[in-house]
Amino acid sequence: MKRFCSFSLRSAVQNTLSNPQSRLLLLFGFEGLLLQYAVSLNSIGNNLYATNLGATDTQIGLVTTIPNLAAVLLMIPCGILSNRTRCSRTVPMVLLLIMGGAYFGLGTVPAIGKDPMASYFFFLAMTTGGIALYNAQWQTFFADAVHLDQRNQAFAVRNRCMFLIGIFVPLLCGSLMALRPDTGGKLWVLRVFYYLAGACMIGQALLLRRIPCPLRREEDRGEKMGLALFRQALGHMFGHRAFRSFFAAILLFYFAWHIDWSLWYIAEIQYAGMNEAQLSLFQALCSTCQMLSIGFFTRLCREKSEHYVFLFACLGLFLCPVMVATMLFLPMGARVPYFILLGLIGNIPQGMISMCTVQMLLQVTPVKNRALIVSIYTLFITLSNSLLPLLGVWLYTCLGANARALGLICVFVAIARAGVVLIMTGRYRRLKKSGDLFRPLA
């Protein structure tokens, strides 16, 4: 019986690896798993690392701003380079190797000099900023490596693996930090996790080599570097009606999302009173529910399109500032369960944001100069992610840096996100009426 089970398992693995489509899905699943380890660690670890290094509220705001500004500066050069390479896999692989070394540097920050914050922000720009660059170039690589008919399935497999690792990393990291009452002990826990992230990035680069990616045709690689190349890319972005409509709507979505990005952490720590274990539990619950719901949302994508599913993400984001504003009226003892419960409901559909936005972007983007167009698009999104959180913290400080200030900003953000819901609903109805929900528009 034991021999039979062993043979069956081995046969199943061999059949999966011998099937090109199944092997491709498996490789993208492992690629997403390794990437999500670093993303989950950044999500829970970057602010806690800065806090234990002695960061101020303003510096906490810079934890999001500085990496994204670094990504903004390098986004176009990376896009031009990727646009000219024969294989769209090359630039993502190089970025992964650079990030691998930078994570080892980030883990060594407490041992560098008397002012660790400068070193912290330098390596943070290379790691978190590097992931922003990687995600931009990955979209082009994904479009080249996966046929249009397989993209939803590949995304679903990849996202399931990402959510799976997203459950365990915050739980393990937060629990180990909670066991260490001293600042030095907490820093050591995070340092070990950052070292592991470096190893994951290098492993991911090696894995990326195993994913087959066709070489580009010469006519799809665009012209050599020059103003003509930018004119072509910008001409499509702002002269093509379908892209212009998508771009304007998605910018408003990200503006409304990013403005309270850093305030979310301040609300968790200062106003909900959550500790490391509770923060990790909340993030793990979000990942668990997102993983369990991905099958439902993927079916909705196939039946009603990504544009329809994206409306759920917009509604979830609208609920989050409403939850924080109403939480401030509760006694301190009731805030943590209230925050976790309603925050969980709001976060469940947000797991589909990346899948929906990438699919909607590729729908309106031509093959020619795709890497540069995606880079310019991502530059605007990254610029929003670098400046809007800092603006939110600045407004919070100007209004008094208290519960009243947080409540006022949450009311403003809720109104802005309600407007986004209306805009995205109108756009979905217009595309449905014209029969353009599924067909390429570029």
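Residues numbered from 1 in each chain as written. Predicted model: local features only at pLDDT ≥ 70, side-chain atom pairs only at ≥ 80, totals over all residues. Heavy atoms only, no water.

A. How the structure looks around the overall build of the chain. The helix and strand tally for the chain stands at 16 helices and 0 strands. Taken over the C-alpha trace, the chain has a radius of gyration of 22 Å; the compact-globule value for 442 residues is 22 Å, and the two agree within 12%. A burial count over the chain gives 56% of its 442 residues as buried. Charge separation in the chain, taken as the distance between the mean sites of 37 positive and 16 negative side-chain charges, equals 5 Å. (Helix = DSSP H or I, 4+ residues; strand = E, 2+ residues; numbered from the N terminus. Rg over C-alpha atoms; globule rule 2.2 N^0.38 Å. Buried < 20%, exposed > 50% of the residue type's maximum accessible area, 1.4 Å probe, protein only. Lys, Arg positive; Asp, Glu negative; His and termini not counted. Charge placed at Lys NZ, Arg CZ, Asp CG, Glu CD.)

B. Expanded view of the packing of helix α12 (residues 306–327) against helix α14 (residues 353–363). Taken N-terminus to C-terminus, the directions of α12 and α14 make an angle of 135 degrees; their axes are 9 Å apart at the nearest point. Considering their axes alone, α12 and α14 lie oblique with respect to each other. Seen along the crossing, α12 lies across α14 with a hand that is left-handed. In contact with Glu306, His307, Val309, Phe310, Ala313 and Leu317 of α12, α14 contributes Ile353, Cys356, Thr357, Gln359, Met360 and Gln363. (Axes fitted to C-alpha atoms, helices over the stretch in contact; angles between N-to-C directions. Parallel < 35°, antiparallel > 145°, perpendicular 65-115°, else oblique. Left-handed = near helix turned anticlockwise from the far one by under 90°. Contact = heavy atoms within 4.5 Å.)

C. Quick look at the packing of helix α3 (residues 57–84) against helix α5 (residues 116–145). At a minimum axis separation of 7 Å, α3 and α5 run at an interaxial angle of 45 degrees. When the axis of α3 is compared with that of α5, the two are oblique. Where α3 crosses over α5, the two elements pack in a sense that is right-handed. Where α3 approaches α5, its residues Gln59, Leu62, Val63, Ile66, Pro67, Ala70, Ala71, Leu74, Met75, Cys78, Gly79 and Ser82 are matched on the opposing element by Met117, Tyr120, Phe121, Leu124, Ala125, Thr128, Gly129, Ala132, Leu133, Ala136 and Gln137. Along the lines of polarity and charge, the residues of the contact of α3 with α5 split into 17 nonpolar, 6 polar and no charged. (Nonpolar A, V, L, I, M, F, W, Y, C, P; charged D, E, K, R; others polar.)

D. Spatial organisation of helix α16 (residues 403–434). Taking 1.5 Å per residue as the helical rise, α16 with its 32 residues ought to reach 46 Å, and the 47 Å between its terminal C-alpha atoms agrees with that figure. Its side-chain oxygen 3.3 Å from the backbone nitrogen of arginine 404, asparagine 402 forms the N-cap of α16. Directly after α16, the chain includes glycine 435, whose backbone phi takes a positive value near 75 degrees. (Expected span 1.5 Å × (residues − 1). Polar contact = N/O pair within 3.5 Å; in protein donor to acceptor, adjacent residues only side chain to side chain.)

E. Here's a closer look at the pattern of salt bridges. A complete count under the given rule lists 2 salt bridges for this structure. For glutamate 31, the salt bridge identified is with arginine 158, shortest N-O distance 2.6 Å. Here glutamate 31 is found in helix α2 (residues 20–52), whereas its partner arginine 158 is found in helix α6 (residues 151–179), with 127 residues between them in sequence. Looking at arginine 158, the relative accessible area reads 5%, which means it is buried. Residue aspartate 260 is joined to arginine 417 by a salt bridge in which the shortest nitrogen-to-oxygen separation is 2.7 Å. Taken as a pair, aspartate 260 in the loop between α9 (241–258) and α10 (261–271) and arginine 417 in helix α16 lie far apart in primary sequence, 157 residues in all. (Salt bridge = Lys/Arg side-chain N within 4 Å of Asp/Glu carboxyl O.)

F. Just the side chain of serine 40, in detail. Tracing the backbone shows serine 40 in helix α2. The class of serine 40 is buried, set by a relative accessible area of 1%. When near neighbours in sequence (up to four residues on either side) are disregarded, serine 40 contacts Gly166, Val169, Pro170 and Gln283.

G. Layout of unusual backbone geometry. Backbone geometry places serine 305, a non-glycine residue, at a positive phi of 95 degrees. Locating serine 305 in the fold gives a position in the loop between α11 (276–304) and α12. The phi torsion at alanine 401 lies on the positive side, around 50 degrees, for a residue other than glycine. With respect to the secondary-structure elements, alanine 401 resides in the loop between α15 (370–398) and α16. Owing to a relative accessible area of 36%, alanine 401 belongs among the partly exposed residues under this scheme.

H. Looking closely at the nonpolar core. Formed by 144 residues in total, the largest nonpolar core has its most connected members in Tyr120 and Phe253. Broken down by element, this core gets its largest block of residues, 15 residues, from α5. (Core = buried A, V, L, I, M, F, W, Y, C linked by side-chain atoms within 4.5 Å.)

I. Just the environment of glycine 32, in detail. Along the polypeptide, glycine 32 turns up in helix α2. Sequence spacing of glycine 32 and phenylalanine 163 is 131 residues, and the spatial spacing of their C-alpha atoms is 9.2 Å. Here glycine 32 is in contact with Arg158 and Met162, once residues within four sequence places are set aside.

J. Highlighting the confidence of the model for the chain. Per-residue confidence for the chain averages 84 on the pLDDT scale, and 93% of its residues sit at or above 70. Confidence drops under pLDDT 50 across residues 1–9; counting only partners more than four residues distant or on other chains, this segment forms 0 contacts. (pLDDT = per-residue confidence, 0-100.)

K. Representation of helix α4 (residues 90–107) within the structure. In this model, α4 (18 residues) spans 27 Å end to end at C-alpha, consistent with the 26 Å of a helix rising 1.5 Å per residue. Among all positions in α4, only Val91, Pro92, Met93, Leu95, Leu96, Met99, Gly100, Ala102, Tyr103, Gly105, Leu106 and Gly107 are buried. Residues of α4 that are buried in the fold lie against α2, α3, α5 and α7 (183–208).

L. View of the environment of valine 189. Position of valine 189 relative to the elements: it lies in helix α7. When sequence neighbours within four positions are dropped, the list of residues in contact with valine 189 reads Cys173, Leu176, Met177 and Arg180.

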